[in-house]
Amino acid sequence: MTYNHKKIEQKFQKVWADKKVFKVSEDAKKKKYYVLEMFPYPSGKLHMGHVRNYSIGDSVARFKRMQGFNVLYPMGYDALGMPAENAAIKNKTNPDKWTKQSMKQMTEQLKQLGLSYDWDRTVATCDPAYYKWNQYVFTKLFDKGLVEKRPAPVNWCPKCKTVLANEQVESGKCWRCKAEVEIKNLAQWFFKITNYAEELLSDIDDKLTEWPERVKTMQKNWIGKSKGVNLKFPIVDSDKVLEMFTTRVDTLWGVTFVVLAPENPLVEELVKGTKYEKDVKEFVKKVVLQDKFERTAENKEKEGLFIGRYAKNPATNEDIPIYIGNFVLMEYGTGAIIAVPTHDQRDFEFAKKYKIPMRVVISPEGHELNPDKMIRAYMDEGVLCNSGEFNGWNNKEAIPAIGEWLEKKGWGERTTQYKLRDWLISRQRYWGTPIPIIYCEKCGAVPVPEKDLPVKLPTDVKFEGKGNPILSSKTFVNTKCPKCKGKAERETDTMDTFVDSSWYWFRYCDPNNIKKPYDKSSVKYWNPVDQYIGGIEHAILHLLYARFYTKATRDLGLHTIDEPFKRLLCQGMVIKDGAKMSKSLGNTVDPKEIINKYGADTARMFMLFTALPEKELEWNEQGVDAVYRFLKRMYMLVEDYKPQATSHKLQALKSRDKYILAKTHSTIGKVTGFIKKFQLNVAISTLMELVTELNKYSKDSKPEVMQEGLEKLALLLSPFAPHLAEYFWEKLGKKDFVSLAKWPEPAKKYLDESFERGETLARKTVTDMRQVRELIGEEKNKTEIFIAPEWKHEVYVGVRAGKQIKDFMQDEKLRKYGKDIAKYVPTLMKRKEQLKETIMSQKEELKVFEESKQWMEEVSGCSITFSKAEDSNDPKAKSADVEKPGILFY
RNA sequence: GCGGGGGUACCAGAGCCUGGUCAAAUGGGUAGGACUUAAGAUCCUAUAGCUUAGUGCUUUCGAGAGUUCGAAUCUCUCCCCCCGCACCA
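Computed from a predicted model, the values in this text were never measured in an experiment.

Calculation criteria
- Each chain has its residues counted from 1, following the order in which its sequence is written.
- Each chain is given a letter, starting from A, and each ligand a number, starting from 1, according to the order in which they appear as written.
- Only residues with pLDDT of 70 or above have their local features reported here, since the model is predicted, and side-chain atom pairs are shown and tallied only from 80 upward, although totals for entire chains, interfaces and linings are computed over all residues.
- Note: side-chain values were computed over all heavy atoms of the structure, leaving out hydrogens and water.
- Going along the chain from the N terminus, every DSSP run of H or I of four or more residues is numbered as a helix, and every run of E of two or more is numbered as a strand.
- Exposure is judged per residue with a 1.4 Å probe applied to protein chains only, and the accessible area is read against the type maximum: over 50% gives exposed, under 20% gives buried, and values in between give partly exposed.
- Computed by Shrake-Rupley with a 1.4 Å probe, the accessible areas treat only the displayed protein chains as cover when residues are assessed.
- Between any two strands, at least two bridges found by DSSP are needed for them to pair.
- Axis angles are defined between N-to-C directions and span 0 to 180 degrees, where every axis is a line fitted to C-alpha atoms and, for a helix, only to the segment in contact.
- Pairs of residues are marked as contacts when any of their non-hydrogen atoms sit within 4.5 Å.
- Cavity: a set of points on a 1 Å grid over the protein atoms alone where a 1.4 Å probe fits but cannot get out. Pocket: an open set with protein on both sides within 12 Å along at least five of seven lines, its lining residues, like those of a cavity, having an atom within 4 Å of a point.
- Grid points are joined across faces, edges and corners, and a volume is the space filled by probe spheres set on the points.
- Between N or O atoms, a polar contact is any pair within 3.5 Å; within protein, one atom must be a potential hydrogen donor and the other a potential acceptor, and residues adjacent in sequence are included only when both atoms are from side chains.

**Q** Tell me about the overall build of chain A, residues and numbers included.
**A** The helix and strand inventory of chain A stands at 31 helices and 32 strands. Of all 890 residues assigned to chain A, the portion counted as buried reaches 54%. Element-wise, carbon and sulfur atoms account for 50% of the exposed surface of chain A, whose accessible area totals about 40,800 Å².

Shown next, in the form of structure tokens:
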């Protein structure tokens, strides 16, 4: 019999499906556990990253289910988005058709993996019944003022022909197609995520205690909170006041110039009619035309210009020259900065270039800095000088004090700045949720009333790859105003697809609700998601949006959840030949082929065994093969075993039996621990150890013990290789599903300390000692193994047969066994620690051996008598300074 | 620059939190053996160095120092690598 993975896997996939084994429903009596994987974009083909993601998720789901939790483990499709639309353009079909076809294919592939989803809860975001609720929430947020349309410089991807949110621009390139992003000024819809900046930030530390550190840091950086002061410098010869944000009020006395962003509207005003106007305008034009990303690129040389005006630093009463500079960004703070060249590297470079004077206001303890001799800004801590009444303060300690002082004087206000920008959700594409807004000449932008939702995507659309296809629909755009019934036009922008994925896990809780996005109580029962699993690439984008949307919909009263994902795992990438698997590199491996050749169990187990979930996984066919062999080995083990129909009583146990039981039960403990810690690879390696032991044991086993070992093995294997485990379970005479069986607990009575302790060496020795006897012969009296303690805590071990020790020693096998036994002795004695602490007297040593005697007899299957080493027949033993007691095994 | 994570035997990768049972799991590779007509599969053994009849000894977990009876594990310093963010005032 060989391991026929296809037959086994098909069989159990069918049974699981037929009997709806993994269907769940709310059950107030049971503790719930929600395992969620980032749902895939239905490209039509599963890739290895998916397989990895879902293998991890499924093993957690199965583990928790067996532990008695009511496990919600759903799957769906993030079905709206560009690829479908591009495919439609390419094939001149409809995205809807293409997407549905893809979803079908993917579902089939997912089912082949044997994932324990509740398929009755599937959702697809392209379903109007789903995106209706995007629109519903949009209109509610609109009413609340959390949505707004406004013109803004936006990131425009010329290839996708749509705008992108800030988060979707990666070093100047489109996150999806990698095309260079351009900046355009357009009127766009925004979700006011910035209103939630503070909560999004503070909850990271307060509530996301089980998130990976690096994701939390990335989010914190992205939100980018800084506390500081909005300084107010009156502009000389003007009634205008220049506002500038700074976190470093301690350097206020060192300000020798200020810099405005070239786009700052004040600039034009200030230079109007002066001799500087022409130069300034030219410079502004040059910089603004320059790509935003080019401008802010690394090591970009600082450039700027004096604009001929001054502002008064109220702290020093000095007139400070105003510059404009390319390194100042309009979109952060007030688009203007104070410049302290002595204590800020950028200002330093700028000042050096334009020969602006500098003044030191912070000195390192003990010596004075000379601004003329500085080669770089001094940014460390120090003592304030030239700073009026704050002279002598530590600069860090002075910051709050100066802030307060400025506020009192009315020269500034303490404020907080965030880097986070509002979430731009408009997309000029077809395959997304239509934004439910109607423009009426009289009433303005009017949200579509709930009764008219969903606003469905038009079907009379041409896909030609130019502009927004929705514009080509005759029936869509023209409509009536819901308020005044007058002539009106629909918004043709659709929503960013990240909106779709910002609440799908709530929908899983109540996927068929037609009256509401979801039932409040269902959401309350299942949420928050206990374990969320997905790629690190969503560390900011999706995870930040999802957190925001959760808070926003909570405030709409739709549910009461603050944070959607309790615990997060970001699995590593699957790589091959040192690079991420990708079509363009041609280093992809199709999961389908692997499943065909080796089976789903192997594919899944390989994913789990080869690397820690968070780490990169290097694809390696040899490794796949190794896992396959392991499964096969287990298969053979079970196949060769004759199940015990009777309820087994574990009695009359020999040491080997006890050892196997101890091993089995310690494995239960370890595997459970490792799964909890997500060290799935280690969990599997522990199983491998057990299998090796069972394999050895199987040659001469006590059936009840074997049954116990194999049963536990099947249970422990179930999260990783569910089909095979299910097969084993059946083989072992069980009538139910191992997938629904109770997760085992290690039984204390089998965890005999003496077996536990010396486990590793014992497993060899136990068999080795028996084999020594077998090899040497039946006549017990001719066999002699001696172990004699030497000086201090070392031990002599000798093995020989009869009187002819030389004959015996020439036998290589026996020498090896002897060696192993010898290795085991210190462990066996259980007294290594004591032996190390004190040099024991001979009597004590003897006692140690005495205590161990019984155990050793069991282990070796030999009877043991004590004798003195000098009584040994071995001349070497006699001579080797062994006047001390020893043990002879006969 | 700021932040996060690392450096373990031929390779991958556990062990570090909770110090001793660690020459250090597991898998791969390599070598030898059993089985086989053969191949494959399977099984066994070895795999830092030296040495023994047996034990043992020396050197090892990025480098150095420290704490300790005892350090891969704890502390400090240094070196190196990877990954995020980055002219954010």
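**Q** Any details on the sheet that holds strand β24 (residues 531-535)? Residues and values, ideally.
**A** The strand order across the open sheet formed by 4 strands is β2-β1-β24-β25, and the pairing between neighbours is parallel. The open sheet has two edge strands, β2 (70-72) and β25 (568-571), and neither has a second partner. Going from strand to strand, the sheet's axes swing by 20° on average, the running direction of each strand aside. Pairing analysis gives 4 bridges linking β24 to β25, with the strands arranged parallel. Paired with Ile533 across the strands is Leu569, a residue of β25. Along the sheet, helix α2 (residues 48-66) contacts β1 (32-37), β2, β24 and β25; its crossing angle with β1, the most-contacted strand, is approximately 175°.

**Q** How would you explain empty space enclosed by the protein if you had to name every residue and give the values?
**A** Tallying each qualifying case throughout the model produces 3 cavities of 30 Å³ or more. Space inside the largest cavity adds up to approximately 200 Å³. Forming the boundary of the largest cavity are 20 residues, of which Met82, Arg176, Arg427, Asp496 and Thr497 lie nearest the centre. Sorting elements by how many residues they give to the lining of the largest cavity places strand β4 (residues 162-164) first, with 3 residues.

**Q** Any chance you could break down unusual backbone geometry for me, citing the residues and the numbers?
**A** For residues other than glycine, phi is negative in most cases, and the peptide bonds are mostly trans. Here the residue pair Leu453 and Pro454 is connected by a cis peptide bond, since its omega of 0° sits within 30 degrees of zero. If you trace the backbone, Pro454 turns up in the loop between β20 (444-447) and α13 (474-477). Here the amide bond leading from Asn527 into Pro528 is cis, since omega sits at 0°, within 30 degrees of zero. Residues other than glycine seldom take positive phi values, yet Asn317 does so here, at roughly 65°.

**Q** Lay out the side chain of Asn513 with the relevant residues and their values.
**A** Locating Asn513 in the fold gives a position in the loop between α15 (504-509) and α16 (520-526). Looking at Asn513, its side chain comes within polar contact range of the main-chain nitrogen of Lys515, at 2.9 Å. Reaching out from Asn513, the side chain makes a polar contact with the backbone nitrogen of Lys516 at a distance of 3.2 Å. Those residues in contact with Asn513 that lie beyond four places of it in its chain are Trp133, Arg507, Tyr518 and Asp519.

**Q** Give a description of the sheet that holds strand β8 (residues 226-234) that names residues and reports values.
**A** Taken together, 3 strands build an open sheet; the order of strands is β9-β8-β16 and the sheet is antiparallel. Here the strands that pair on one side only, and so sit at the sheet edges, are β9 (241-246) and β16 (412-417). Ignoring which end each strand starts from, the neighbouring axes of this sheet average 30° apart. By the bridge criterion, 6 bridges tie β8 to β9 in an arrangement that is antiparallel. Following the sheet pairing, Val229 is matched in β9 by Thr246. In the packing of helix α12 (residues 395-409) onto the sheet, the strands contacted are β8 and β16, and the crossing angle to β16 comes to about 125°.

Function-wise, these values are silent; they only describe arrangement.
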